[in-house]
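Single-letter residue listing:
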Amino acid sequence: MKFRSLILLILLSFPMLLSGQQFQDWLNDHSVPLSLPHPTFDLQEFDALGSSLKDAEVIALGDATHGTREFNQMKYHLIRFAVEHLGIRLIVLEEGFVECLAINQYLQSGRGSVETALDLLSVWAWKTEQMKNLVEWMRRWNMGHPNDPVAFYGMDMQSFKSPANLLVEYSIKRSPDLFLTHRELLDSLLNSSGDQLSPKLARNLAHQTQALISDLRVGAFGADELGYADRNHLLMA
């Protein structure tokens with residue numbers, strides 16, 4: 001069975017690419033009228049969309065303005081529809097990969113809290129009541145469907161700080177001596193901005209980070225934690 005996913009993006013619509021009448025004609029031909037979203041919104045209103053999306057492997061959702069309540073409400077209902085009626089089981093957010101790990105951990109195990117997980121996100125537009133409601137709904141889905149869960153991941157790589165914080169945490173937890181050995185590297189990662197690094201320095205940091213992860217692996221890292229560390233290395237590289 002193909003793995004299908006939904007990508008939640010912060011994209012702006014650009015109707016100015018068409019003339020006013022051209023855009024109006026295109027909109028009339030392709031739009032599906034919906035009522036204003038509200039708590040008792042009927043997902044059956046999306047049935048007309050379902051026929052055109054049922055074979056899609058990837059569905060992307062954007063918006064015309066960031067943080068607008070009505071757009072976020074509609075996305076909440078669209079994602080519910082995609083999970084319940086289209087078989088979508090992977091939600092991908094335009095946000096840092098590491099920043100979203102706490103959300104997925106909460107969805108899969110209930111560890112942590114929605115508030116703490118959302119606070120780790122770097123993009124202000126995701127820190128909304130509607131996102132909180134969505135995460136809570138996905139957790140309820142997973143509790144009711146333990147053999148058919150929804151996963152949630154970030155797709156972006158913009159900061160060294162979040163992955164470096166995880167490496168600091170795991171290094172101290174698993175091997176304080178390793179933490180001290182690599183303290184200079186970890187301090188560099190915590191205080192670096194990816195867009196300010198030269199390619200040579202970025203490669204050097206990535207190689208040093210790989211060496212740290214190799215040392216942590218020898219130190220009998222937990223399977224999940226080692227997986228996170230490996231992903232952090234890939235992000236930094």
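Just so you know, these numbers come straight off a predicted model, no measurement behind them.

Peer 1: I keep staring at the overall build of the chain and nothing clicks. Help me out?
Peer 2: Scanning the chain for helices and strands turns up 11 helices and 4 strands. Per-residue burial for the chain yields a buried fraction of 41% across its 237 residues. Here the contacts in the chain between residues at least 6 apart in sequence split such that 75% fall between residues at least 24 apart.

Peer 1: How should I be thinking about the packing of helix 3 (residues 69-86) against helix 6 (residues 129-144) in this particular structure?
Peer 2: Two packed helices can be described by the angle between their axes and the distance between those axes. Orientation of helix 3 relative to helix 6, taken along the N-to-C sense of each, is 15°, at an axis distance of 9 Å. Put simply, helix 3 runs roughly parallel to helix 6. You can see that helix 3 and helix 6 cross each other, and the crossing is right-handed. On the side of helix 3, the interface is formed by Arg69, Asn72, Gln73, Tyr76, Ile79, Arg80, Val83 and Glu84, while helix 6 contributes Glu129, Gln130, Asn133, Leu134, Trp137 and Trp141. Among the residues making up the contact of helix 3 with helix 6, the classes are represented as 6 nonpolar, 4 polar and 4 charged.

Peer 1: Would you take a moment to explain the nonpolar core for this structure?
Peer 2: Generally speaking, nonpolar side chains in soluble globular proteins are found buried as a group. Core analysis: the largest hydrophobic core is formed by 34 residues, its most contacted members being Ile103, Val135, Met138 and Phe152. Of all the elements in the fold, those that place two or more residues in this core are strand 2 (58-61), helix 3, strand 3 (90-96), helix 4 (101-109), helix 5 (114-119) and helix 6. What Phe152 contacts, discounting residues up to four positions off in sequence, is Ile91, Leu93, Cys100, Ile103, Asn104, Leu107 and Met138.

Peer 1: How do you make sense of helix 4 when you look at a structure like this?
Peer 2: One turn of the α-helix equals 3.6 residues, which is why residues spaced by three or four share an orientation. Among all positions in helix 4, only Leu101, Ile103, Asn104, Tyr106 and Leu107 are buried. In the segment just after helix 4, Gly110 is the residue with positive phi, at about 80°.

Peer 1: Teacher, can you tell me more about the side chain of Asp63 here?
Peer 2: In this fold, Asp63 is placed in the loop between strand 2 and helix 3. Its relative accessible area of 7% is what places Asp63 among the buried residues. Engagement of the side chain of Asp63 in a polar contact is seen with the side chain of Lys75, the distance being 2.8 Å.

Peer 1: How do you make sense of the pattern of salt bridges when you look at a structure like this?
Peer 2: Side chains carrying opposite charge are able to pair once their charged atoms draw close together. Following the criterion strictly, the structure yields 6 salt bridges and no others. Between Arg80 and Glu84 there is a salt bridge; the shortest N-O distance is 3.4 Å. A residue pair is termed a helical-turn pair when its members lie 3 or 4 positions apart in one helix, as Arg80 and Glu84 do in helix 3 at 4 residues. We classify Glu84 as partly exposed; its relative accessible area is 33%. One salt bridge connects Glu136 with Lys132, and the closest N-O pair in it is separated by 2.9 Å. Taken together, the positions of Glu136 and Lys132, both in helix 6 and 4 residues apart, correspond to about one turn of that helix. Taking relative accessible area as the criterion, Lys132 reaches 25% and is therefore assigned partly exposed. Here the residues in one salt-bridge network are Glu115, Lys132 and Glu136, joined through shared partners.

Peer 1: Would you take a moment to explain the packing of aromatic side chains for this structure?
Peer 2: Working definition: an aromatic ring pair is given by the centre-to-centre distance plus the angle between the planes. The final tally for this structure, using the stated rule, is 4 aromatic pairs. Note on Phe41 and Phe46: the rings are 5.3 Å apart at their centroids and 50° apart in plane angle, and the pair reads as tilted.

Peer 1: Help me understand the environment of Phe41, please; the structure alone is not making it clear to me.
Peer 2: Locating Phe41 in the fold gives a position in the loop between helix 1 (20-30) and helix 2 (47-53). Using a relative accessible area of 5% as the deciding quantity, one classes Phe41 as buried. Between the C-alpha atoms of Phe41 and Met74, which are 33 residues apart in sequence, the distance is 9.4 Å. Discounting residues that sit within four places of it in the chain, Phe41 has contacts with Ser35, Leu36, Phe46 and His77.

Peer 1: Honestly, the packing of helix 4 against helix 6 in this entry has me stumped. Any pointers?
Peer 2: Two elements in contact, helix 4 and helix 6, have axes whose closest approach is 7 Å; the angle formed by their N-to-C orientations is 35°. In contact with Ile103, Tyr106, Leu107, Gln108 and Ser109 of helix 4, helix 6 contributes Val135, Met138, Arg139 and Asn142. Residue classes in the contact of helix 4 with helix 6 are distributed as 5 nonpolar, 3 polar and 1 charged.

Peer 1: Teacher, can you tell me more about the confidence of the model for the chain here?
Peer 2: Interpretation of the predicted coordinates at a detailed level should be avoided for regions scoring low in pLDDT. The predicted model of the chain averages 78 in pLDDT, with 76% of residues at 70 or higher. Taken element by element, the chain is modelled with least confidence in helix 11 (residues 223-236), mean pLDDT 54, and with most confidence in helix 6, mean pLDDT 96.

Peer 1: Please clarify how the environment of Glu136 should be interpreted in this entry.
Peer 2: Since its relative accessible area comes to 23%, Glu136 is described here as partly exposed. Residues Glu136 and Val114, spaced 22 residues apart in sequence, show a C-alpha to C-alpha distance of 7.1 Å.

About the thresholds
- Residues numbered from 1 in each chain as written.
- Predicted model: local features only at pLDDT ≥ 70, side-chain atom pairs only at ≥ 80, totals over all residues.
- Heavy atoms only, no water.
- Helix = DSSP H or I, 4+ residues; strand = E, 2+ residues; numbered from the N terminus.
- Buried < 20%, exposed > 50% of the residue type's maximum accessible area, 1.4 Å probe, protein only.
- Contact = heavy atoms within 4.5 Å.
- Axes fitted to C-alpha atoms, helices over the stretch in contact; angles between N-to-C directions.
- Parallel < 35°, antiparallel > 145°, perpendicular 65-115°, else oblique.
- Left-handed = near helix turned anticlockwise from the far one by under 90°.
- Nonpolar A, V, L, I, M, F, W, Y, C, P; charged D, E, K, R; others polar.
- Core = buried A, V, L, I, M, F, W, Y, C linked by side-chain atoms within 4.5 Å.
- Polar contact = N/O pair within 3.5 Å; in protein donor to acceptor, adjacent residues only side chain to side chain.
- Salt bridge = Lys/Arg side-chain N within 4 Å of Asp/Glu carboxyl O.
- Phe/Tyr/Trp six-rings, centres within 6.5 Å; stacked < 30°, edge-to-face > 60°.
- pLDDT = per-residue confidence, 0-100.

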